[in-house]
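# A structural walkthrough
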Amino acid sequence: MVSANVRVLIVCAPSKAFGEIITLISLAKDLAQNGAQIWFLASPLAATLARQHFADTTFEMANTYEANQNIFWRIAKKIRPNVVVLAELYELLQPRRKPDCPFVNADWLRSLESLDAILIFVDFIAHVPALREIAVCDSCAALFGGGPLRSFLRRLWVILPCPLNEPGAVQERVGIPYHAESIFATTRSDKARLQTRSQYLSNPNHYLIFRSGSTWQTKLAESQGVYQHQYLGDLLAFYFADHKQPVTIVSVSDTQRLHSSGSSTVRFVNIDNPDPYEYERLMLASDLILTDNEISYGLKAAIGSIPVVVLVNSHCLDDLLAMCELPGPIWRTMLALERQHPGSIYPHCIYPLQFESAEANDRKANASRDMEISNINSMLPYTNRLGRMQSSQFFRAELYGGQATVDVFRRILMDAQVRDLWKKGELAYMDRLKATASGPEVLGALLDHEALSRHTVI
Amino acid sequence: MKVAPDLNRPVVIIALPRSYSSLACAMLGQHPQLYGLLETQIFKVETMNEWDAQFSDTHDSDGLVRAIAEIVFGGQTRRAVNRARAWITRRATWSAADVIVHLSERIYPFIIVEKTPFETLDGQMTIERLRRWCECFPGVRFLHLVRHPLAYGRSHLEHLAKMARRAEPVRMQRRYNQLLDMSTEPPTIDPQTLWYSVHSAVDSFLSRLPVQQHRRVRGEAMLEQPMRWAAEMAEWLEIRTDDEALGCMIHPECSPFANLGPPRARFGGDPEFFRDPKLRSAKARRNTLNHALPWRPDGRSFTTAVCELARSFGYS
């Protein structure tokens, strides 16, 4: 465990997504409860959330390397941190990208050699293999000063937040899985659940579907000229049309509004992102959760409580059109999307990111199998993947899957056998999760030099 | 004039020269939630144009230059200092308030602590400076740091005598002018004049502010019991009062400003403090108010007004 004299500086640069900061706040709260002192250096968006818990110790990043590094060193000089936690290293992974809050460059890596602190990287989606590749590529490493980059990566311990990563052992994976202490404290009070449901449903036995759409996804999609979310309402209206009980879909998003263009039995309620507490409350009051982000961090509290379905697309347009038996609502939606912007339909499991080449083939094979095999076991979550996409506890449903997707939703909501199987899988996952250390235990071990060297990036 | 957000509540040390303000500022600035600056001279003027004209060619500019080098350019190197000077020049159209608000926003949520000494016989000018702080930062907290008039007078004159060996005569003339007792012919150099003028103006201004917004402290008490003083300050400022936070405060030497700066920005505060910034707690020498003043050839002692004001500060 960490002790009272541990001073932790957490750097969270992502400026459009909430997941990283939510995960880091959870880690920070666990550390603070164990006596550690916490400081945040965060993007404006992340700082807004961090300030809700660490008002006096949250510093906001600016939009230049120099300003952000100055703030970092000002804090470091003042508080002399013994642990520095980094959330993302996109500057290293995508050097051509222009981040909103740039931070890591050769100068900073060089200056870091004078900092006597343990460096920790929170690896959300298996970035370590790519970082290792950069370290062994001379021309890539040279962009970051060569030696200073390697020395940084040699010092950089990797920790893996769960549930996002597989809590059990995974061959060849680098990093120490840990769980948030609060994850086991997530309880569903029946009274609170009923109260929340009554806000959206006229009858508590109707179905309440929670749907989450991230701001970063919308912004990225719009920058690419694709507007899938404008048509999502039509697709969902089709998939949930024939359920025994009426369905209300509460879509939580600051940037996306779902609606159905035709008459529909499905009711849509669009709300902006509430505070994290309300978000969780609403999520846990629902019967099913929908996302189009396979590695959504915000939905992790649902693990073990509510089934989550991730909407993916494993096919290109030609294949999808060939698979459609009759021109119907899905066919019409696909054509409308393509008319608006040719190329809008492509394989993805974290919308709007496209599958990458080698992985795409693998995904496509798996997805085809999902579509073709009616055995329910094929819908159960993958939990042991290793690579760019780590692991997901979520069910998968094809966005343009037609009747197969209708069946997926129907079975998850109504088939007792499927729900039992799902629950069993979740309980097994929770058991593996309980076997991991907590964040304060992992940091405590690192400070005591107990951890093994194989958990640094190189 | 730019007005800072309510959350930003700087701490301003109001003191005469030679009243431990460098030490107090560095001690406060070492608290994990505070950030001590040097002597910025910021509210002695309205605009940066005036600031530039009045201070940029003198050591009085060093404090702000070093602060900008550290905060905006990441360190007090020769290059950062040059960039800081250019930064100030480019902001000639800014008001002084714009600059201090900018700095406070840059270091937020650290709270700034500022300490430019007050050294004018003109009570209105003293009040005007305080008013500018209040206007710019409605939540500002004032720490009125006082020293026994006898100890202050001795120290100030000794310091000026040392300075006179190397400083320009015009500058020295200006400083001695602030100490003149004009009731004699010829005028007598007597620091009690400045002591009274500044402290009475400050006292009258602060008495109109809410009690929580100001605190008077005797410098001698700070030196005698630094930990106790640190705890009282932290409690008043509603910041962390744990042992670790208070422990940081008794290490003023760890401040990034507790040393001489690079060329073109060497000072910004008391050179003697820069040369030896460590805190040494010490029992204050016993001073009395009914003493013939050692610096006056006519053997006079403190005026009744000075004695009354000093007594109201807890001196005897």
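Residues numbered from 1 in each chain as written. Chains lettered and ligands numbered in written order. Predicted model: local features only at pLDDT ≥ 70, side-chain atom pairs only at ≥ 80, totals over all residues. Heavy atoms only, no water.

### Brief notes about the overall build of chain B
Tallying secondary structure elements over chain B gives 14 helices and 7 strands in all. For chain B, the C-alpha radius of gyration of 19 Å lies close to 20 Å, the compact-globule estimate for 316 residues. Taken along its principal axes, the extent of the C-alpha atoms in chain B is 55 × 45 × 35 Å. Contacts spanning at least 24 positions in sequence make up 76% of the contacts within chain B whose residues lie at least 6 apart. In chain B, 42 side chains carry a positive charge and 36 a negative one; their mean positions are 4 Å apart. (Helix = DSSP H or I, 4+ residues; strand = E, 2+ residues; numbered from the N terminus. Rg over C-alpha atoms; globule rule 2.2 N^0.38 Å. Contact = heavy atoms within 4.5 Å. Lys, Arg positive; Asp, Glu negative; His and termini not counted. Charge placed at Lys NZ, Arg CZ, Asp CG, Glu CD.)

### Let's talk about the pairing of strand β1 (residues 11–14) of chain B
Successive residues of a regular strand alternate their side chains across the two faces of the sheet. Residue and element names in this part refer to chain B. Residues Val11 and Ile13 point to one face of β1 and Val12 and Ile14 to the other, with burial holding for every one of them. As defined by bridge partners, β1 adjoins strand β3 (residues 111–114) across 2 bridges and the pair is classed as parallel. Each bridged residue has a counterpart across the sheet, and for Val12 the counterpart in β3 is Glu114. (Buried < 20%, exposed > 50% of the residue type's maximum accessible area, 1.4 Å probe, protein only. Pairing = 2+ DSSP bridges.)

### With respect to the confidence of the model for chain B
When the pLDDT values of chain B are averaged, the result is 92; 98% of them are 70 or greater. Here the predicted complex scores 0.82 on pTM and 0.82 on ipTM. (pLDDT = per-residue confidence, 0-100.)

### Quick word on the environment of Leu299(A)
All names here are of chain A. Turning to its location among the elements, Leu299 is positioned in the loop between β11 (288–291) and β12 (308–312). Given a relative accessible area of 0%, Leu299 falls into the buried group. It is 8.5 Å that separates the C-alpha atoms of Leu299 and Ser212, two residues lying 87 residues apart in sequence. Among all residues touching Leu299, those that are not within four sequence positions of it are Phe210, Ser212, Tyr279, Met283, Ile289, Thr291, Val308 and Phe394.

### Topic: the state of the cysteines
Within the structure shown, the criterion is met by 1 disulfide over all chains. Here Cys137(A) connects covalently by a disulfide to Cys140(A), the sulfurs 2.4 Å from one another. As the torsion about the S-S bond is roughly 75 degrees, the Cys137(A)-Cys140(A) disulfide counts as right-handed. Using a relative accessible area of 28% as the deciding quantity, one classes Cys140(A) as partly exposed. In this structure Cys25(B) is not part of a disulfide, and its nearest cysteine sulfur, from Cys254(B), lies 15 Å away. The structure places no disulfide on Cys134(B), whose sulfur is separated from the nearest cysteine sulfur, that of Cys136(B), by 10 Å. (Disulfide = S-S within 2.5 Å.)

### Describing the nonpolar core
Of all hydrophobic cores here, the largest spans 145 residues; its most connected members are Leu41(A), Phe72(A), Trp108(A), Phe152(A), Leu28(B), Ile100(B) and Phe142(B). Of all the elements, helix α3 (residues 62–73) of chain B adds the most residues to this core, at 8 residues. Counting residues in each nonpolar core, the second largest holds 65 residues, with Cys12(A), Ile21(A), Leu27(A) and Val269(A) among its members. (Core = buried A, V, L, I, M, F, W, Y, C linked by side-chain atoms within 4.5 Å.)

### Some points on the pairing of β3(B)
All names here are of chain B. With burial as the criterion, each face of β3 is covered, one bearing Ile111 and Val113 and the other bearing Ile112 and Glu114. One ladder, built from 3 bridges, connects strand β2 (residues 34–36) with β3; its direction is parallel. Across the sheet, residue Tyr35 finds its bridge partner in β3, namely Ile112.

### Points about the packing of helix α1 (residues 21–29) of chain B against helix α11 (residues 226–237) of chain B
Residue and element names in this part refer to chain B. Look at α1 against α11: their axes get within 11 Å of each other, and the N-to-C directions meet at 65 degrees. In this structure, the crossing between α1 and α11 has a hand that is right-handed. Facing α1, whose interface residues are Ala24, Met27 and Leu28, α11 presents Pro226, Trp229, Met233 and Leu237. Counted by class, the contact of α1 with α11 contains 7 nonpolar, no polar and no charged residues. (Axes fitted to C-alpha atoms, helices over the stretch in contact; angles between N-to-C directions. Left-handed = near helix turned anticlockwise from the far one by under 90°. Nonpolar A, V, L, I, M, F, W, Y, C, P; charged D, E, K, R; others polar.)

### Observations concerning the sheet that holds β11(A)
Residue and element names in this part refer to chain A. Strand order in the open sheet made by the 6 strands is β10-β9-β8-β11-β12-β13, with parallel pairing throughout. Each edge of the sheet is formed by a strand with only one pairing partner; in this case those strands are β10 (267–271) and β13 (395–398). Geometrically, the sheet is characterised by an average inter-axis angle of 25 degrees between neighbouring strands, direction not taken into account. Across 3 bridges, the pairing between β11 and β12 is parallel. Among the inter-strand pairings, Leu290 is bridged to a residue of β12, identified as Val309. Running over the sheet, helix α12 (residues 276–284) touches β8 (207–212), β9 (247–252), β10 and β11 and is turned about 140 degrees from β8.

### So, the interface of chain B and chain A
On the chain A side, the residues contacting the 21 residues of chain B number 18 residues. It is Pro109(B), Phe110(B) and Glu244(B) that lose the most area in chain B upon contact with chain A, and together they represent 33% of the buried surface on that side. Taken together, the links from chain B to chain A amount to 3 salt bridges. Measuring nitrogen to oxygen at the nearest pair gives 3.3 Å for the salt bridge that ties Arg7(A) to Glu244(B). Our enumeration of links across chain B and chain A arrives at 13 residue pairs in polar contact (both at pLDDT 80 or more). Looking at the side of chain B that touches chain A, the elements with two or more residues in it are β2, α3 and α5 (96–107) of chain B. Sort the elements by how many residues they give to the side of chain B that touches chain A and α3(B) lands first, with 4 residues. Split into classes, the residues belonging to the side of chain B that touches chain A amount to 10 nonpolar, 6 polar and 5 charged. (Buried area = accessible area lost by both parts, 1.4 Å probe. Salt bridge = Lys/Arg side-chain N within 4 Å of Asp/Glu carboxyl O. Polar contact = N/O pair within 3.5 Å; in protein donor to acceptor, adjacent residues only side chain to side chain.)

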